[in-house]
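What follows is each chain in one-letter form.
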Amino acid sequence: SQWFIFLCVFVVKKVAQYMADVLEDSRDKVQENLLANGVDLVTYITRFQWDMAKYPIKQSLKNISEIISKVSTQIDNDLKARASAYNNLKGNLQNLERKNAGSLLTRSLADIVKKEDFVLDSEYLITMLVVVPKTGYGDWQKTYETLSEMVVPRSTKLLFEDNDSGLFSVTLFRKAIDDFKHKARENKFTVRDFQYNEEEMKADKEEMTRLSTDKKKQFGPLVRWLKVNFSEAFIAWIHIKALRVFVESVLRYGLPVNFQAMLLQPNKKNMKKLREVLYDLYKHLDSSAAIIDASMDIPGLNLSQQEYYPYVYYKIDCNLLDFKV
């Protein structure tokens, strides 16, 4: 059925695309990992031989197609499970990495500040962290002591800078927090809500290390699984192509079997000429067939009802990725 054919090519393309996603910055290496039986795809196709061990020809066509369908379905199910686990891990790691990057207004401050930057365990005093635009450093130094009452004089210190802003510490009495925040906002200084908690910061760092380690551990086995199962899925798909050529040829030309299947790999500019030559050679087999443009074909599927020739034709598209490599 068309659904079965669609499933085979869908799984091949899905595994190939996920290989590209997993390799991330090494996408130029994707093609060298997309092999069938250890060779590149064009080589495999041109040397194709039916795999008697996997798909015994003594079995019925229905049984053979069911075996191939099971292979594709199993790979698809396994891929969903493996991709889900790896994507969750990758997503959690990216979320933590995002927290430690970006603007001082939003990023985590845990890896910037040190214990000695804070007045800790004081009943009356607290250290606040304030983001000041670089253009406002002068204003900050002039005004921070008077933004509210009870600011400790000369207590500010520049802890960190990025391209746009600086992170300053300032110490004041706890009862002045709300007033200080309000006045700071009026002067375009941003007070970050941050409390120094060594245990929380340690836990975050450990979580980042754990996720990074887990991702590295899963990466190798996942790529190996994708390579093996891409090969399996592609081989299954090409067997389906061979099966379709056989069945269609029997339906068209009858029994006993008296036909030859072959592969042609023309340049795009020679496609039209090749069609004309093939038509002239085989038009006597079916006078109702006309030369029809194949450009509307669904890549790898060839389900177009318009595409009909006096010879049996199926296209094999080896460009399995959404980007060019």
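Just so you know, these numbers come straight off a predicted model, no measurement behind them. (Residues numbered from 1 in each chain as written. Predicted model: local features only at pLDDT ≥ 70, side-chain atom pairs only at ≥ 80, totals over all residues. Heavy atoms only, no water.)

Our focus in this paragraph is the nonpolar core. Tyr18, Ile68, Leu226, Phe230, Phe234, Trp237 and Leu320 are the most contacted members of the largest nonpolar core, which has 42 residues in total. Of all the elements in the fold, those that place two or more residues in this core are helix H1 (2-23), helix H3 (41-46), helix H4 (61-99) and helix H7 (198-253). If you tally residues by element for this core, the top one is H1, at 14 residues. Setting aside anything within four residues of it in sequence, one finds Phe230 in contact with Val12, Val15, Ala16, Leu34, Leu35, Leu41 and Leu320. Counting 18 residues, the second-largest nonpolar core is a separate cluster that includes Met128, Tyr137, Trp140 and Ala184. (Core = buried A, V, L, I, M, F, W, Y, C linked by side-chain atoms within 4.5 Å. Buried < 20%, exposed > 50% of the residue type's maximum accessible area, 1.4 Å probe, protein only. Helix = DSSP H or I, 4+ residues; strand = E, 2+ residues; numbered from the N terminus. Contact = heavy atoms within 4.5 Å.)

Right, let's talk about the environment of Tyr18 for a bit. In this structure, Tyr18 sits in helix H1. The sequence separation of Tyr18 and Val42 amounts to 24 residues, and the corresponding C-alpha distance is 21 Å. For Tyr18, the residues in contact, after removing those within four places along its chain, are Leu79, Ala83, Tyr86, Asn87, Leu222 and Leu226.

For strand S1 (residues 125-133), a buried count of seven out of nine residues is recorded, marking the element as mostly surrounded by other parts of the structure. Note that S1 and strand S3 (residues 165-173) share nine bridges and pair antiparallel. Of the residues in S3, the one forming a bridge with Ile126 is Leu172. Bridge analysis of S1 against strand S4 (residues 190-192) gives three bridges, and the strand direction is antiparallel. Note on S4: the bridge partner recorded for Val131 is Thr190. (Pairing = 2+ DSSP bridges.)

Together, Leu61, Phe246, Val247, Leu251, Leu255 and Val257 give the surface a local cluster of nonpolar side chains, amounting to about 560 Å² of exposed area. Counting residues per element, the nonpolar patch draws most heavily on H7, at three residues. On the secondary structure map, Phe246 appears in helix H7. Using a relative accessible area of 36% as the deciding quantity, one classes Phe246 as partly exposed. (Patch = residues over 30% accessible without salt bridge, like charges linked within 9 Å, V, L, I, M, F, W, Y side chains within 5 Å. Areas by Shrake-Rupley, 256 points an atom, 1.4 Å probe, with all protein chains shown as cover. Salt bridge = Lys/Arg side-chain N within 4 Å of Asp/Glu carboxyl O.)

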